[in-house]
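Given next are the chains, with one letter for each unit.
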Amino acid sequence: MIKAIFAAAGIGAIVLLVGCDARSSSPPVMASDMLGCQHAETYARIVEMIGDNDPKAGTSFINSATATGECREIKSGTVVFPLGDKTVNGVVIERVRPKGQSLEYWTLAKAVNF
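Residues numbered from 1 in each chain as written. Predicted model: local features only at pLDDT ≥ 70, side-chain atom pairs only at ≥ 80, totals over all residues. Heavy atoms only, no water.

S.K.: Help me understand the nonpolar core in this model?
M.R.: The nonpolar side chains of a soluble globular protein tend to be buried with one another. Of all hydrophobic cores here, the largest spans 20 residues; its most connected members are Met30, Leu35, Cys37, Tyr43, Cys71 and Ile93. At the level of secondary structure, the elements contributing two or more residues to this core comprise strand S4 (34-37), helix H1 (40-51), strand S5 (71-74), strand S6 (80-88), strand S7 (91-98) and strand S8 (105-108). Apart from residues no more than four positions distant in its own chain, Cys37 is found in contact with Thr42, Tyr43, Ile46, Glu70, Cys71, Glu104, Tyr105 and Trp106. (Core = buried A, V, L, I, M, F, W, Y, C linked by side-chain atoms within 4.5 Å. Buried < 20%, exposed > 50% of the residue type's maximum accessible area, 1.4 Å probe, protein only. Helix = DSSP H or I, 4+ residues; strand = E, 2+ residues; numbered from the N terminus. Contact = heavy atoms within 4.5 Å.)

S.K.: Is there a simple way to explain the state of the cysteines in this structure?
M.R.: Scanning the model with the defined rule gives one disulfide in all. Two residues share a disulfide in this structure: Cys37 and Cys71, whose sulfurs sit 2.1 Å from each other. With the S-S bond torsion at 105°, the cross-link from Cys37 to Cys71 turns out right-handed. On the criterion of sequence distance, the pair formed by Cys37 in strand S4 and Cys71 in strand S5 is long-range, its members being 34 residues apart. Note on accessibility: Cys37 and Cys71 belong to one class, buried. (Disulfide = S-S within 2.5 Å.)

S.K.: Before we go on, may I ask you to explain the pairing of S6 in this structure?
M.R.: In terms of strand pairing, S6 meets S7 through eight bridges, oriented antiparallel. Pairing of Val88 across the sheet is with Val91, part of S7. Hairpin connection between S6 and S7: a loop of two residues separates the two successive antiparallel strands, and Asn89 in this loop has a positive phi of roughly 50°. (Pairing = 2+ DSSP bridges.)

S.K.: What exactly am I supposed to notice about helix H2 (residues 55-68) here?
M.R.: Note: α-helices contain 3.6 residues per turn, so residues at a spacing of three or four share the same orientation. For H2, which comprises 14 residues, the first-to-last C-alpha distance of 20 Å matches the rise-based estimate of 20 Å (1.5 Å per residue) to within 8%. With its phi angle positive at about 90°, Gly69 sits one or two positions after the end of H2. (Expected span 1.5 Å × (residues − 1).)

S.K.: For this particular structure, what's the right way to read the side chain of Glu70?
M.R.: With respect to the helices, strands and loops of the structure, Glu70 is situated in the loop between H2 and S5. Among buried Asp, Glu, Lys and Arg side chains, Glu70 stands out as unpaired, with Arg45 the closest opposite charge at 10 Å. Among the polar contacts listed, one links the side chain of Glu70 to the side chain of His39, at a separation of 2.9 Å. Those residues in contact with Glu70 that sit more than four places away from it in its chain are Gly36, Cys37, Gln38, His39, Thr42 and Ala65. (Lys, Arg positive; Asp, Glu negative; His and termini not counted. Salt bridge = Lys/Arg side-chain N within 4 Å of Asp/Glu carboxyl O. Polar contact = N/O pair within 3.5 Å; in protein donor to acceptor, adjacent residues only side chain to side chain.)

S.K.: Just checking my understanding: could you explain the pairing of S4 for this structure?
M.R.: Consecutive residues of a regular strand have side chains that alternate between opposite faces of the sheet. Across the two faces of S4 the burial is the same, with Met34 and Gly36 and Leu35 and Cys37 all buried. The sheet contact formed by S4 and S5 spans four bridges and is antiparallel. Paired with Cys37 across the bridge in S5 is Cys71.

S.K.: For this particular structure, what's the right way to read the pattern of salt bridges?
M.R.: Side-chain pairs of opposite charge can arise where the charged atoms are in close proximity. Under the criterion given, the structure shown has two salt bridges. One salt bridge connects Arg95 with Glu104, and the closest N-O pair in it is separated by 2.5 Å.

In structure tokens form, the structure reads like this:
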């Protein structure tokens, strides 16, 4: 599948072909509803609390982070653009940008259906 990047240039648009994507012919989508956070460090804290088996602290932290807009739920079936991954406390997290949005979020890599 050829990816195209559209960049606004005055009143026109420039289309640049940037290569082939060997992963899949369909766009990646979220396989399940999943929390996404704007900063990897925030998502890492949540992963850490889960690893510590401290659901009360995790729930409190998630509620606070969603109230401030730092984190939000990304719904199953949402088309996302994967932007890279990293491992935090033994868990692989993926940075994604939901289609039609400018903000990027870190989420559980296993929740992205490539």
